[in-house]
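Below, each chain spelled out in residue letters.
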Amino acid sequence: MSTSVVSAIQQYFTSDRLHKFMPAIRIKTVTYRFHPTLYGVIFFGMLTALLIGSINHNNNLGYLLTFLLSSMFLVSIMLTYRNLRNITVSGGNGRPVFAGQTTRFNIHLQAREGKRYGVVAALDHHHRQQLNLTHNLAASTQLALPAKSRGILQVNRIFLSTSFPLGLFTWRTEAPVSLSCLVYPTPIAGPLHTETGTGSDEDQHQQERSKGKDFSGLLAYKPGDTPRQIHWKSLAGGKGLHSKFFEEQTSGSSLFSLQDIPGKDLEFKLSRLCQMILTADARGIPFGLRLGSQLLEPSQGAPHTSSCLKALSLYGQ
Amino acid sequence: MNSHSDRSQTLPILYTVILCTLPHLINISVIATLICICMWGYHLGSLYKGWPIPGLKVRTVLGTILFIMAVLTHEGLTVEAFVALLTLMIALKLFELKKLQDGVIAVILCYFIIVSGMFFNDSIIATFYILFTVLFNTAVLIHIQYPELQLSPAFSLSFQLALRAFPFMIILFLVFPRIQTGFWGRPELLQNKTGFSDTISLGTVASLAQSDKVAFRVTFTSDPPPQDQLYWRGIVLWNFDGQTWKRGNRSRGAASQFQKGTRKIRYNVTLEPHNQQWLFGIDLPTQLQASWSWLRDDHSLYRRRPVSSRFNYTVESYLGARSQARSPNIDLALSLPSTGNPRARDLARQWSQVAGSRMEIVEKAIQFFKTQNIVYTLKPGAIPVSMQGDPIDYFLFSSRSGFCEHFATSLAFLLRAADVPARLVGGYLGGAKNPMGDYWIIRQSDAHAWVEVLNDENIWQRVDPTTIVAPERANLSAEQAIQDDTQASWLSRLGFHEVPQWFTGVRNMWDFANNKWNMWVMEYSISSQRSLFSKIGINISLNKGIVQIVFIAAVLLGATFFLNLVFLRPKKQEQDKVSQYWSTFCTKMQRAGVGRLPSQGPILFLEKIKKQRQDLYDQAAPIVHLYIKLRFSGQYNDDDLAHFRSMTTNFRPGTQHDTTR
């Protein structure tokens, strides 16, 4: 019970709510904010108790120590600020991820002067990394950021904060960066739809596919394989989950097209396409992609897959 | 809990707890001290030997027991009990260091223990020790939160912090308004109980006189009186119940009239806290300047509240003056219990039958003391059980050895039994002048008791039976006046039969330093503030003066803050050399016509150089690559840095191909 209260209070002190109340200070075009930590509030309470005790006992040693501790409290604000200022941040673009996954950016912090301890870098308030800029006054790390939707994830600022040395105050600032990461749509499993001229009837496609491909063996089940592909006999025989693998009879390739995917939701359709591309890539099937007027000729290989996925993530943006 | 990293985290906390508690161990009860040490030992055992950590239930039960124990062994809710409780609870908290948060809170609580040292000892040494523990505790606070910073750099950081904080502290200390009387009652401090209590029975003064503690210090503003006139009157006792003398309930009227004496003297007294209400003044105090204090009708000095912290007051005394009696008090000064001490009563009755006046009886009593061969000693021995009801008979007719209170109480008893009004006075006799500082130190060893007798003109007159038996006591301290072997002090056990000269010198010097420390720092009060600020022409009794002081303080604090900001700049050698050389390189490139945009990384910059100044590429490429290595690989050595330096400084983009590597 008490621990949950404590953690709730602690959460409040690390959350953004408190941060909004505190005044912002602009020093040379950089905005800094500070607020006390939970320990700072406890320390302040202790100082108040000590001051009341000193007044009540009219004790000069008490006054002396209370004022020393309060002054150290005050000065620590400055030292904490010193620990945060003049830090430049650089970083590299993150590797592409699917929407819903977490991307990672390589971040490099460089202090202009003086060693820094306990500098917390974060892209959002859930993923933070504490760094010590002691070695060569620099440190590198990877910062995580969840990619919510497809497109380009643009990061323009990094949150930097520190409570060093006493941990009673936190200073925060934002460092400008220009980082980006490509976010592919979330793959959603479904049957493979290949474009064949003008026809768009589902049954027709299905028949065509059965005709056009020969059953050529079994492969281990992969997420995204349709129930129709699963080889139920081997599952019943206790041999595990396997999918039927159809070798394309024709030497021609498939063309995935946005307009062939049933459904009205664009994002859903892109997600289906994404899974198709992944499946095709995994099976080594050459494929092309048609997105409205944009056409990527059928091909194979990692660069082709990447450019197709990129086209998906940037479609309409 | 037993891993090595954990130990390196919790050990500093244990260290700081021990360092902060150490000076308190003599203040709290022996049991509390022992339990504390046992808990520390067990904690060490759990760290090194893997002894089990007590669970939550055990800790709760233990905490409750410790609470009760702390209250019971320190006579209730005294300051000592609070300190013992705090000490024990932090020792118990050491078993709960599961998370960083527990450790940080334990360390913050240690500041409480440190500051509670203010109640016990504010001498120079104690203050410096306390300052050291503040620094150490702060270092531990830094170290446990940022373990990358070892304890010794953390200590120097906390020293830096304290150094920066020092000017703020001084300004706040000087201008913070002082309130003489606190908000509410202060918890009792057992340690301050040394000194006269409000009763005197046989043996109480003798035990007090064995303490070497300072009772008070005096600075005379007029010529000091002769040594044998230094009768420091404190408590006046009226009631005797056969065993103990007590103050009794007397009229609370103002000071009575007095016969003028020979000479007026003024002096300033700094009384060490003794948790009693009375103050001390030379016989006979006639005027008192002190807050919340007044002269009672028996010319004793009273304060409204017990003196629980060092107290400063000024007294004017009239040497040789004698106060007049008031009629209701005369009956009180004659009352005796109906039974007890039959032989003394018989003796007194004989005197009163023969003598014609009160002073004749007093004369007879003095003669009695002179002829009885009574020994003056600090250790008169215990009264046997059979004589418990007649302590004065036992002293006068059997043991014949005693300290001043034996003489004084029995004289007062004899006189009252002979129908002469008499009262007992407790205080100090003498004192030693400190040649270093022109002030007098009165120690507990100067404690004394004497009698005041109502003479035939109804005027109270001092009679000191001790100086009749041992006349040298008037000019020497009790310790020096008593010459028996039982008084082997620790010094004589060490081989010094007399107190050596150098020891007295050192003691005087030390007391002088402490006295100055007390005067300037520890007794800084509202009157000190008044005189300090009047030196710069500000009267703080006016509203305008207060506004001026607040303004000056704000300006000073602001200036200190600004200075602190200026000195925030780190040392030169801590500057990042790599980026320094890199920026020289970039400037040189800029002059050569290839400017680097702030967003351009080194690789992009190199590509730009290749495009725009193909001729410089061979020179620039190793510099850029070394920069990338130094900056981003995390591998860094001084050779690389030196190499980088020479390459960047030797880089001449203006001339082509003159530096070849």
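All values derive from a computational prediction rather than experimental measurement.

*Asks:* Even after reading the chapter, I still don't get the overall build of chain B, so can you show me in this structure?
*Replies:* The helix and strand inventory of chain B stands at 23 helices and 21 strands. Evaluated residue by residue, chain B yields a buried proportion of 50% over its 661 residues. Considering only residue pairs separated by 6 or more positions, chain B has 73% of its internal contacts joining residues 24 or more positions apart. Counting only carbon and sulfur atoms, one obtains 59% of the accessible surface of chain B, whose full area is about 31,300 Å².

*Asks:* Got a minute to help me understand helix α3 (residues 38-57) of chain A in this structure?
*Replies:* Quick reminder: α-helices carry 3.6 residues per turn. Residues three or four places apart thus point the same way. Here α3 of chain A is 20 residues long and its end C-alpha atoms lie 29 Å apart, about the 28 Å a rise of 1.5 Å per residue gives. Where α3 of chain A terminates, the next one or two residues include N58 of chain A, which has phi positive at roughly 45 degrees.

*Asks:* What is the right way to look at the pairing of strand β13 (residues 311-319) of chain B in this model?
*Replies:* On a regular strand, each side chain points to the face opposite its neighbour's, so the side chains alternate between the two faces of the sheet. Residue and element names in this part refer to chain B. β13 sits mainly inside the fold: eight of its nine residues count as buried. Looking at chain direction, strand β7 (residues 263-271) and β13 are connected through nine bridges and run antiparallel. Bridged to R263 within β13 is L319. Here four bridges tie strand β10 (residues 285-289) to β13, and the two strands are oriented antiparallel to one another. Pairing of Q287 across the sheet is with E316, part of β13.

*Asks:* I keep staring at the packing of helix α11 (residues 358-371) of chain B against helix α13 (residues 404-417) of chain B and nothing clicks. Help me out?
*Replies:* For any two helices packed against each other, the geometry is given by the interaxial angle and the distance between the axes. All names here are of chain B. At a closest axis distance of 10 Å, the pairing of α11 and α13 adopts a crossing angle of 140 degrees. In terms of orientation, α11 and α13 fall into the oblique class. Here α11 and α13 pass one another in a crossing that is right-handed. Across the interface between the two elements, I361, V362, A365 and F369 of α11 pack against F407, S410, L411, L414 and L415 of α13. Of the residues belonging to the contact of α11 with α13, the class tally is eight nonpolar, one polar and no charged.

*Asks:* Is there a simple way to think about the interface of chain A and chain B in this case?
*Replies:* For an interface, size is often stated in terms of accessible area lost upon the parts coming together. Taken together, the contacts link 57 residues of chain A with 66 residues of chain B. Carbon and sulfur atoms make up 71% of the area that chain A and chain B hide from each other, which totals about 5,800 Å². One can count zero salt bridges joining chain A with chain B. Taken together, the connections running from chain A to chain B amount to nine residue pairs in polar contact (both at pLDDT 80 or more). Considered class by class, the residues forming the side of chain A that touches chain B number 30 nonpolar, 22 polar and five charged.

*Asks:* Explain the sheet that holds strand β3 (residues 87-92) of chain A to me, please; I cannot follow it from the model alone.
*Replies:* Sheet strands line up and pair through hydrogen bonds in the backbone, either parallel or antiparallel. Residues and elements named next belong to chain A. Taken together, the three strands give an open sheet; going across it, the order is β3-β5-β8, and neighbouring strands pair in antiparallel fashion. Each having just a single partner strand, β3 and β8 (138-146) make up the two edges of the open sheet. Pairwise comparison of adjacent strand axes, ignoring direction, gives a mean angle of 30 degrees for this sheet. Pairing geometry for strand β5 (residues 102-111) and β8, over nine bridges, is antiparallel. Across the sheet, the residue bridging to H108 is S140, located in β8.

*Asks:* Please clarify how the nonpolar core should be interpreted in this entry.
*Replies:* One broad rule of soluble globular proteins: the nonpolar side chains tend to lie buried together. Core analysis: the biggest nonpolar cluster contains 124 residues, and F43, L69, V89, L109 and L160 of chain A together with I13 of chain B have the highest contact counts within it. Sort the elements by how many residues they give to this core and helix α4 (residues 60-84) of chain A lands first, with 15 residues. Leaving out residues up to four positions away in the same chain, I13 of chain B has contacts with L94, L97, G103, A106, V107, V140 and I144 of chain B.

*Asks:* Sorry, what's going on with the sheet that holds strand β17 (residues 422-429) of chain B here?
*Replies:* Residues and elements named next belong to chain B. Here we have five strands laid out as an open sheet, ordered β9-β3-β17-β20-β21, and antiparallel in their pairing. Of all strands in the sheet, those bounded by a partner on one side alone are β9 (281-282) and β21 (460-463). Two strands pair when backbone bridges link them, and strand β3 (residues 231-237) and β17 are joined in this way by six bridges, in the antiparallel orientation. Considered in β17, the bridge of R233 is made with G427. Along the sheet, α13 makes contact with β17, β20 (447-454) and β21, crossing β20 at roughly 15 degrees.

*Asks:* How should I be thinking about unusual backbone geometry in this particular structure?
*Replies:* Glycine aside, residues mostly have negative phi, and peptide bonds are mostly found in the trans state. For the peptide bond that leads from F164 of chain A to P165 of chain A, omega is 5 degrees, which places it in the cis range. You can see P165 of chain A is positioned in the loop between β9 (151-162) and β10 (169-184). One non-glycine residue, H299 of chain B, lies in positive phi territory at about 60 degrees. With a relative accessible area of 1%, H299 of chain B lands in the buried category. Non-glycine residue N458 of chain B carries a positive phi angle of around 60 degrees. Structurally, N458 of chain B can be placed in the loop between β20 and β21.

*Asks:* Mind showing me how you'd approach the side chain of S116 of chain B here?
*Replies:* Residue and element names in this part refer to chain B. Position of S116 among the secondary structure elements: in the loop between α5 (100-115) and α6 (124-145). The class of S116 is buried, set by a relative accessible area of 9%. At 3.3 Å, the side chain of S116 forms a polar contact with the side chain of H24. Residue contacts for S116: discarding those within four places in its chain leaves H24 and V83.

*Asks:* Where do I start with the pattern of salt bridges in this structure?
*Replies:* Side chains that differ in charge, positive against negative, can pair when their charged atoms come close. Considering all chains together, one arrives at 20 salt bridges over all chains under this definition. Ionic pairing is found between R157 of chain A and E174 of chain A, a salt bridge with its closest N-O pair at 3.3 Å. Of this pair, R157 of chain A sits in strand β9 while E174 of chain A is found in strand β10, placing the two residues 17 residues apart along the sequence. Residue R157 of chain A is classed as partly exposed on the basis of its relative accessible area, which comes to 42%. Ionic pairing is found between K93 of chain B and D102 of chain B, a salt bridge with its closest N-O pair at 3.8 Å. D102 of chain B carries the same exposure label as K93 of chain B, and that label is buried. Each of R233, D283, R423, E452 and R462 of chain B takes part in a single network of salt bridges with overlapping partners.

*Asks:* Quick question: what am I supposed to make of a nonpolar patch on the surface here?
*Replies:* Together, I536, F551, I552, V555 and L556 of chain B give the surface a local cluster of nonpolar side chains, amounting to about 480 Å² of exposed area. Structurally, the position occupied by F551 of chain B is in helix α19 (residues 543-566).

*Asks:* Which parts of the structure should I look at to understand the packing of aromatic side chains?
*Replies:* The geometry of an aromatic ring pair is captured by two quantities: the separation of the ring centres and the angle between the planes. All names here are of chain B. What the rule picks out here adds up to 51 aromatic pairs over all chains. Relative to W232, the ring of F220 has its centre 6.5 Å away and its plane inclined at 35 degrees; by these criteria the two rings are tilted. Here F220, found in strand β2 (residues 214-220), pairs with W232, found in strand β3; they are twelve residues apart in sequence, far enough to count as distant. For the pair formed by F220 and W232, the shared burial category is buried. With centroids separated by 3.8 Å and ring planes inclined at 10 degrees, the aromatic side chains of W582 and Y627 adopt a geometry described as stacked. With W582 in helix α20 (residues 577-591) and Y627 in helix α22 (residues 617-632), the pair connects residues that are 45 residues apart, well separated along the chain. Across the pair, Y627 and W582 agree in class, each one buried. Across the ring face of F311, the terminal group of R303 is positioned such that the distance to the ring centre comes to 4.2 Å. Over the ring of F397 we find R343; its NZ or CZ atom is 4.2 Å from the centre of that ring.

Cut-offs and rules
- Position labels on residues start from 1 in each chain and follow its written sequence.
- To read the labels, note that chains go from A and ligands from 1, taken in the order they are written.
- Owing to the predicted nature of the model, reporting of local features is limited to residues with pLDDT of at least 70; listing and counting of side-chain atom pairs is limited to 80 or more, with chain, interface and lining totals taken over all residues.
- Side-chain metrics in this entry use all non-hydrogen atoms of the structure; hydrogen atoms and water are not considered.
- Each helix is a run of DSSP H or I of at least 4 residues and each strand a run of E of at least 2, with the numbering of both proceeding from the N terminus.
- Any residue under 20% of the maximum accessible area for its type is buried, any over 50% is exposed, and the rest in between are partly exposed; the area is computed with a 1.4 Å probe on protein chains only.
- In this description, contact between two residues means that some pair of their heavy atoms is separated by no more than 4.5 Å.
- Exposure was quantified through the Shrake-Rupley algorithm and a 1.4 Å probe, taking into account, for residues, occlusion by the shown protein chains and nothing else.
- Take the residue count of a helix, subtract one, and multiply by 1.5 Å to get its expected span.
- When DSSP finds two or more bridges between two strands, those strands count as paired.
- Helix axes use the C-alpha atoms of the stretch in contact, all axes being lines fitted to C-alpha atoms, and the angles between their N-to-C directions lie in the range 0 to 180 degrees.
- Convention used here: angles under 35 degrees read as roughly parallel, angles over 145 as roughly antiparallel, angles from 65 to 115 as roughly perpendicular, and any remaining angle as oblique.
- Throughout, a crossing is termed right-handed when the near helix is turned clockwise from the far one, and left-handed when it is turned anticlockwise from it by less than a right angle.
- In this classification, Asp, Glu, Lys and Arg are treated as charged, Ala, Val, Leu, Ile, Met, Phe, Trp, Tyr, Cys and Pro as nonpolar, and every other residue, Gly included, as polar.
- What gets called buried area is simply the loss in accessible area from a 1.4 Å probe that two parts show on being joined, summed for both.
- For salt bridges, the criterion is a side-chain nitrogen of Lys or Arg within 4 Å of an Asp or Glu carboxyl oxygen.
- Counted as a polar contact is a pair of N or O atoms within 3.5 Å, where, for protein atoms, one must be capable of donating a hydrogen and the other of accepting one, and residues adjacent in sequence contribute only when both atoms are in side chains.
- By convention a nonpolar core is built from buried Ala, Val, Leu, Ile, Met, Phe, Trp, Tyr and Cys residues, the set being connected through side-chain atoms within 4.5 Å.
- A patch consists of residues whose relative accessible area exceeds 30% and which take part in no salt bridge; residues with like charges are grouped when within 9 Å of each other, and nonpolar side chains (Val, Leu, Ile, Met, Phe, Trp, Tyr) when within 5 Å.
- The criterion for an aromatic pair is that two Phe, Tyr or Trp rings (for Trp, the six-membered ring) have centres within 6.5 Å, with stacked assigned to planes under 30 degrees apart, edge-to-face to planes over 60 apart and tilted to the rest.
- By the criterion adopted, a ring carries a charge over it if an Arg CZ or a Lys NZ lies within 6 Å of its centre and within 35 degrees of its normal.

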